[in-house]
Amino acid sequence: MKCLLIASESAEILFHWTDQEFQQNVQEKYRSSQEEGEGLPAFEDIISTLFAPIIISCGTMVYRQGDSYTSFTTENNHIYVLCQFDECLYIAVNGDGEEKEDDLRRKLYVMRKITEVMFGMVTLSGSLLRKELRPQDTEQRVRLWKHLQSLLDTYNYLRENDQSFLVEAVERLIHPTLCEQCIEFLERRLVQQINSSSQVERAGEEVLHTFILVHTKLLAFYSSRTASTLNTSDLLTLIIMAQNMYPSNVELDEPSPEVQDAESTSGSGPESFYTPEPSPSSRDSSSSEQPARGSTPVFEFVDPDIQMAEDSLHTLEISPPDPSTPRRVFLELKDGQLPMVPHSMYCLPLWPGITLVLLTKVPNIQLTRSVYSFLEDFTKLEKCLNEGQAGSGAARGQLNMHNTRSKLDKFIRDLGPNELQCVQLLNVWTEFKNRAFTRGGSGFNKDLIPLCKSMKTQLCSLYRQRFLTESGSADGPRCLSPALQERAQTMVQEKLMDWKDFLLVKSKRNITMVSYLEEFPGLVHFIWVDRSSGQIIAPSLSITERTTSELGKGPVAHYIKSKVWGLVRTTRQYLRKGYSTVTLRDGDFYFCYFLWFENENGYRLEAGDIPILPDDSLPIGMLGYDYYRKLLRYYGKNHQGEAVKCYELLTVHLGVIPTEIILQHCRQLASKLWEPSRNPLL
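Residues numbered from 1 in each chain as written. Predicted model: local features only at pLDDT ≥ 70, side-chain atom pairs only at ≥ 80, totals over all residues. Heavy atoms only, no water.

Q: A description of the overall build of the chain should follow, citing residues and the corresponding values.
A: Broken down by element type, the chain carries 21 helices and 18 strands. Looking at the chain residue by residue over its 682 residues, the buried ones come to 53%. For the chain, the proportion of contacts with a sequence separation of at least 24, taken over those separated by at least 6, is 71%. For the chain, the accessible area works out to roughly 30800 Å², and carbon and sulfur atoms hold 49% of it. (Helix = DSSP H or I, 4+ residues; strand = E, 2+ residues; numbered from the N terminus. Buried < 20%, exposed > 50% of the residue type's maximum accessible area, 1.4 Å probe, protein only. Contact = heavy atoms within 4.5 Å. Areas by Shrake-Rupley, 256 points an atom, 1.4 Å probe, with all protein chains shown as cover.)

Q: Quick one: what's the story with helix α2 (residues 43-65), residue by residue and with numbers?
A: Between its first and last C-alpha atoms α2 spans 33 Å; for 23 residues at 1.5 Å apiece the expected length is 33 Å, and the two agree. The axis of α2 is deflected most strongly, by about 45°, at phenylalanine 51, and proline proline 53 appears within four residues downstream. Buried residues of α2: Phe43, Glu44, Ile46, Ile47, Phe51, Ala52, Ile54, Ile55 and Cys58, and no others. One or two positions beyond α2, positive phi appears at glycine 66, with a value near 70°. (Expected span 1.5 Å × (residues − 1). Bend = angle between axes of the 7 residues up to and from the residue.)

Q: Which residues make up the environment of histidine 343, and what values do they have?
A: Mapping histidine 343 onto the fold places it in strand β12 (residues 338-351). Histidine 343 gets classed as buried once you look at its relative accessible area, which sits at 1%. In the structure, histidine 343 is positioned 18 residues away from lysine 361 in sequence and 5.1 Å away in space, judged by C-alpha atoms. In contact with histidine 343, other than residues within four places in its own chain, are Leu208, Arg327, Arg328, Val329, Leu331, Leu333, Thr360 and Val362. Within polar-contact distance, the side chain of histidine 343 engages the backbone oxygen of valine 341 at 2.9 Å. (Polar contact = N/O pair within 3.5 Å; in protein donor to acceptor, adjacent residues only side chain to side chain.)

Q: Break down the sheet that holds strand β16 (residues 581-586) for me, citing the residues and quoting the values.
A: Sheet architecture is open: six strands sit in the order β6-β15-β14-β18-β17-β16, paired in mixed fashion. Whereas interior strands pair on both sides, the edge strands pair on one side only; in this sheet they are β6 (170-171) and β16. In terms of strand pairing, strand β14 (residues 523-530) meets strand β15 (residues 535-537) through three bridges, oriented antiparallel. Across the sheet, residue tryptophan 528 finds its bridge partner in β15, namely isoleucine 537. (Pairing = 2+ DSSP bridges.)

Q: I'd like a description of the packing of aromatic side chains, backed by residues and values.
A: Across all of its chains, the model carries 24 aromatic pairs by this definition. Here the aromatic rings of tyrosine 69 and phenylalanine 72 are separated by 5.8 Å at their centres, their planes lie at 85°, and the arrangement is edge-to-face. Judged by relative accessible area, tyrosine 69 falls into the partly exposed class, the value being 24%. Take phenylalanine 72: its relative accessible area is 25%, and that puts it in the partly exposed class. With a centroid separation of 5.4 Å and 65° between ring planes, the pair formed by tyrosine 463 and phenylalanine 467 is classed as edge-to-face. (Phe/Tyr/Trp six-rings, centres within 6.5 Å; stacked < 30°, edge-to-face > 60°.)

Q: So what's going on with the sheet that holds strand β13 (residues 354-361)? Residues and values would help.
A: The strand order across the open sheet formed by five strands is β8-β7-β13-β12-β11, and the pairing between neighbours is antiparallel. Of all the strands in the sheet, the pair left with one neighbour each is β8 (217-223) and β11 (327-333). Across the sheet, the mean angle separating the axes of adjacent strands is 30° when strand polarity is ignored. Sheet topology note: the β12/β13 ladder contains eight bridges and is antiparallel. Within the sheet, the bridge partner assigned to tyrosine 346 lies in β13 and is leucine 358. Strands in contact with helix α12 (residues 366-386) are β11 and β12; relative to β12, the strand with the most contacts, it is inclined by about 140°. (Axes fitted to C-alpha atoms, helices over the stretch in contact; angles between N-to-C directions.)

Below, the structure is given as structure tokens:
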């Protein structure tokens with residue numbers, strides 16, 4: 001009983017996702033209210049009718065009182081969580097008790113992050129976002145909605161099954177030698193060869209980042225010297241997109257479940273891991289070959305049928321897009337100072353479960369900087385006018401707009417007068433100047449607020465035309481040539497040919513508890529996170545029908561896994577209340593959680609007060625909202641000129657272990673895990 005939707009201010013549904021149970025429940029209730037013999041309308045119309053009162057009520061409260069509700073629970077225990085992002089309302093519903101308010105709010109912020117990565121600054125304008133989410137072409141809309149629904153399904157699956165998405169941090173494969181070789185290969189051969197290719201082959205693009213994924217784990221990551229750091233939030237979103245394009249079927253990708261005790265060559269101590277089958281079946285053999293471009297992935301999430309209001313189609317088959325065509329993604333630069341910068345994402349499958357991702361810089365990227373700067377100026381002015389500031393506040397705003405005036409005049413002249421979008425921008429800007437700067441104009445008062453909104457819409461529209469609309473380029477979409485992509489794919493396959501089976505095994509048995517039990521008897525599981533770099537180190541918790549772990553498989557393993565997931569949710573609640581240390585005894589287990597700060601030399605800094613947040617505050621994590629970036633800035637105010645690091649440690653011990661031994665284990669484990677983190681991920 002789950003649902004998520006995006007609605008406009010006029011209560012129009014821009015996108016919706018529901019599970020099968022929610023859809024059937026809604027249709028049955030609607031059918032019971034219909035007259036006999038009357039058919040059901042399209043499901044989108046039913047959803048629109050169902051949620052219209054909530055959307056209108058929320059908008060009325062914002063308009064009348066300047067405030068609104070963030071969540072409510074109905075008599076039948078359905079939980080509704082609402083978040084207003086710019087001009088759109090995001091709503092998440094749960095009716096089966098599997099998700100709490102925090103889970104639903106987190107899902108909404110992740111959905112918001114996905115739309116930002118897909119559409120960039122267009123998300124700042126409700127009218128333009130409507131054009132993207134509800135294109136007039138029915139086939140295009142069905143394809144887009146199915147893609148967004150599939151991304152949500154992928155995220156939900158990873159959140160419930162992958163520790164890195166549970167704590168929202170990136171997990172890398174622990175094999176220093178191979179990782180170093182791959183990074184060197186990416187730098188000196190792959191990126192250099194692509195970037196040195198002809199302009200025709202590259203279409204003016206330049207590879208800024210490239211990384212190799214084994215399932216959801218990072219084998220190697222390389223950024224060019226001219227590239228800004230890719231933040232954790234963007235990287236996790238790209239991993240979701242890569243997994244959605246080429247989903248991993250754990251059962252098919254895993255080699256034979258024969259376990260051998262062996263010395264690990266990864267430098268993490270003795271481990272137990274699976275060895276590949278010497279004679280794979282015909283299906284496994286065929287799946288290990290290079291997948292053909294455009295082939296159907298091994299596994300796909302099943303999405304509910306989308307019924308469109310404009311027609312009576314119940315199912316519309318859409319051919320998948322060409323894999324050689326990149327996806328336009330919008331990422332942050334300079335630690336969030338310049339968000340939503342356009343890049344092209346190439347996701348090249350090497351083998352099932354192993355993927356090469358290229359991120360390239362697109363031409364005319366400087367336009368993004370200018371548009372974002374102007375958007376900030378008009379947003380600040382609009383806020384100033386809405387608050388009715390006068391005197392020095394208005395003078396400062398007017399002074400800033402005088403500076404903006406000369407820059408924007410030059411910006412529009414450089415664009416050229418022939419494009420329709422430039423003409424529309426120029427017309428609105430001319431009207432703004434006549435109102436604000438001429439003697440006969442109204443000056444800087446609230447009459448300018450509608451023109452501020454219009455200027456922001458026109459700037460976002462220009463951005464959309466240049467970076468999202470295919471017709472924005474006179475030559476059509478530009479990308480790396482298929483031949484160049486094929487060469488890149490082949491180069492990496494040749495490099496990893498002898499390692500592919502090992503990597504698939506390693507991704508499932510990256511770190512095992514075997515290498516820690518002798519030093520930490522009674523330790524069942526741990527999760528260590530470097531929040532400064534967004535890295536996670538944790539023993540594998542892969543539990544499938546074909547595989548097992550130190551926890552075994554069956555009810556016990558699933559029970560411990562559920563306890564770990566529950567511990568993370570509990571620690572977030574305490575962290576929101578300002579607690580950085582939590583110890584809990586639950587039946588046969590003893591749980592510990594610690595958050596602390598260190599300088600770059602590993603010296604532990606004095607614990608400070610953690611900000612106390614309300615229950616309906618932004619989700620704690622790094623994907624939908626980077627809570628830890630804000631926390632580091634908050635704590636760093638008292639440590640000016642010093643690089644501050646933030647770490648978390650969660651442990652699960654057997655309850656029979658004395659408390660003092662458990663705390664000693666936590667100190668020693670934190671020290672032991674600190675050293676591997678010195679190998680930079682990015």
